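Analysis of the macromolecular model
Take a look at the letters that make up each chain.
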Amino acid sequence: MHSNTHHLDELESEAIYILREVAAQFEKTALLFSGGKDSIVASYLARKAFWPAKIPFALMHIDTGHNFEETLVYRDEWVKKIDARLIVKYVQDSIDKGRVKEETGYNASRNLLQTVTLLDAIEELKLDACIGGARRDEEKARAKERFFSHRDEFGQWNPKNQRPELWDLFNGKKNIGEHFRVFPLSNWTELDVWQYIKEENIPIPSIYYTHQRECVNRDGQLLAKSPYLKLKDTEKYEKYTVRFRTIGDMTCTGAVLSEASNIDEVIEEVAASRVTERGTRADDKRSEAAMEDRKKAGYF
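Quantities reported herein were computed from a predicted structural model and do not represent experimental measurements. (Residues numbered from 1 in each chain as written. Predicted model: local features only at pLDDT ≥ 70, side-chain atom pairs only at ≥ 80, totals over all residues. Heavy atoms only, no water.)

Here helix H3 (residues 69-81) is 13 residues long and its end C-alpha atoms lie 19 Å apart, about the 18 Å a rise of 1.5 Å per residue gives. Listing the buried residues of H3 in full gives Thr71, Tyr74, Arg75, Trp78 and Val79. Seen along its axis, H3 keeps its buried residues to an arc of 125°; they face one direction. Opposite the buried face of H3, by more than 90 degrees, sit the exposed residues Glu69, Glu77, Lys80 and Lys81. The secondary structure elements touched by the buried residues of H3 are helix H2 (37-50), strand S2 (58-63) and strand S3 (86-90). Positive phi shows up at Asp83, right after H3, with a value of about 60°. (Helix = DSSP H or I, 4+ residues; strand = E, 2+ residues; numbered from the N terminus. Expected span 1.5 Å × (residues − 1). Buried < 20%, exposed > 50% of the residue type's maximum accessible area, 1.4 Å probe, protein only. Arc of directions from axis to C-beta. Contact = heavy atoms within 4.5 Å.)

By the secondary structure assignment, Ser258 is in the loop between strand S10 (254-257) and helix H7 (263-272). Here Ser258 falls in the buried class, since its relative accessible area comes to 4%. Polar side-chain contacts of Ser258 include one of 3.0 Å to the backbone nitrogen of Ala260. Discounting residues that sit within four places of it in the chain, Ser258 has contacts with Thr210, Thr241, Val242, Arg243 and Glu269. (Polar contact = N/O pair within 3.5 Å; in protein donor to acceptor, adjacent residues only side chain to side chain.)

Looking now at H7. Turning to H7, its buried residues number three or more, namely Ile263, Val266, Ile267 and Val270. An end-on view of H7 places all buried positions within 100° of arc, on one side of the element. Opposite the buried face of H7, at more than 90 degrees from it, the exposed residues are Glu268 and Ala272. On its buried side, H7 packs onto helix H6 (190-200) and strand S9 (238-243).

Take the nonpolar core next. Core analysis: the largest hydrophobic core is formed by 56 residues, its most contacted members being Val41, Leu45, Trp188 and Trp194. Sort the elements by how many residues they give to this core and H2 lands first, with eight residues. Residue-level mapping places this core at the junction of two domains, with at least three residues from each of domain 1 (6-193 + 289-296) and domain 2 (205-284). The residues contacting Leu45, other than those within four sequence positions of it, are Glu12, Ala15, Ile16, Leu19, Leu185, Trp188 and Tyr196. Listed in part, the 15 residues of the second largest apolar core include Met60, Ile62, Val100 and Ile122. (Core = buried A, V, L, I, M, F, W, Y, C linked by side-chain atoms within 4.5 Å. Domains from an automatic or database assignment.)

Turning next to the packing of aromatic side chains. Using the criterion set out here, one finds six aromatic pairs in the structure. Consider the rings of Phe50 and Phe57, whose centres lie 5.8 Å apart with planes at 90°: the pair is edge-to-face. Assigned by exposure class, Phe50 and Phe57 land together as buried. Ring geometry for Trp188 and Tyr196: centres 5.2 Å apart, planes at 85°, overall edge-to-face. On the accessibility criterion, Tyr196 (0% relative accessible area) is buried. Here the aromatic cluster, defined as three or more aromatic residues joined through ring pairs, consists of Tyr44, Trp188 and Tyr196. When the ring centre of Tyr106 is taken as reference, the NZ or CZ atom of Lys230 above it lies at 5.1 Å. (Phe/Tyr/Trp six-rings, centres within 6.5 Å; stacked < 30°, edge-to-face > 60°. Lys NZ or Arg CZ within 6 Å of the ring centre and 35° of its normal.)

This paragraph deals with the environment of Asn67. Its place among the elements puts Asn67 in the loop between S2 and H3. Asn67 sits 161 residues away from Tyr228 along the chain, and the two C-alpha atoms are 9.8 Å apart. Here Asn67 is in contact with His61, Leu72 and Met250, once residues within four sequence places are set aside. At 2.5 Å, the side chain of Asn67 forms a polar contact with the side chain of Asp63.

Averaged over the protein chain, the pLDDT score is 83; the fraction of residues at 70 or greater is 77%. Note that pLDDT drops below 50 for residues 283-289; the model gives that stretch 19 contacts with residues more than four away or on any other chain. (pLDDT = per-residue confidence, 0-100.)

With that settled, the discussion passes to the sheet that holds strand S7 (residues 211-218). The sheet built from four strands closes into a barrel, its strands ordered S7-S8-S10-S9 with antiparallel pairing. When strand polarity is set aside, the average angle formed by the axes of neighbouring strands in this sheet is 70°. Relative to S10, strand S8 (residues 221-224) runs antiparallel, the two being bridged by two bridges. Bridge pairing links Leu222 to Ala255 in S10. (Pairing = 2+ DSSP bridges. Axes fitted to C-alpha atoms, helices over the stretch in contact; angles between N-to-C directions.)

With that settled, consider the packing of helix H1 (residues 6-25) against H2. With their axes 9 Å apart at the nearest point, H1 and H2 run at an angle of 75° to one another. Taken together, the axes of H1 and H2 are roughly perpendicular relative to one another. Only Ala42, Leu45, Ala46, Lys48, Ala49 and Phe50 of H2 make contact with H1, whose side of the interface consists of Glu12, Ala15, Ile16, Leu19, Arg20 and Ala23. Class assignment of the residues belonging to the contact of H1 with H2 gives a composition of nine nonpolar, no polar and three charged. (Parallel < 35°, antiparallel > 145°, perpendicular 65-115°, else oblique. Nonpolar A, V, L, I, M, F, W, Y, C, P; charged D, E, K, R; others polar.)

Following this line, the structure appears as structure tokens:
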């Protein structure tokens, strides 16, 4: 029993139940792994769900090529630690093959492009389910998501075409070419994730804690210095004391000013925050329905 609440135990057993359902209902599955806290917790739960056997599916990283160095170092160590298989698919390969076109300009990001890389990987590996760490509290479009999220043969999501999930019965029936995205952490909040990381003592990338970093303040967003970011004439990098609440493509993942240097301080900060962590993502701010539009196109 977790010391802080019965609540975390319920979330854990629900997630484990869903992961076992996936293994039972689908033949070829991958767990999408970004090196962010949610996918770390999802992979940790998968380790727990099938222990002492190995996790019965590979972890798959869709690599934009614009990662934080700390994330990649962590990814390789973590995969070794939980004894999992890792598949890496590169957005750069999709660009080289002419499947997608690199964005240009000051707000260029590869975040949208990874949808194509992901859908190509699903087709190539003939995956019938992909597990992700998305949570309903992250963003408006995520709130419409079921645990088993049906996608058509083009990988697209139609919020009106989702299955009812009554009494924890999950329907994984699909036609040829269709697949499912499965979200075992749907009912978790950002705070739940952090409390679980603390309870289970799960190691996480260092950039989730406070550190000094050169950033540019672009429209109120602190974007980390990187070779992938194009500065405007009026912009310059300055040193800030920051941490990251979410980890993604360096070109669109904003840092937050923070002194939180350990997990207890992070929990305290998250509990007091009134902005969801996706509020630090420039790619979500492109339009009111940016996330929903991307999800419909096959993004996670």
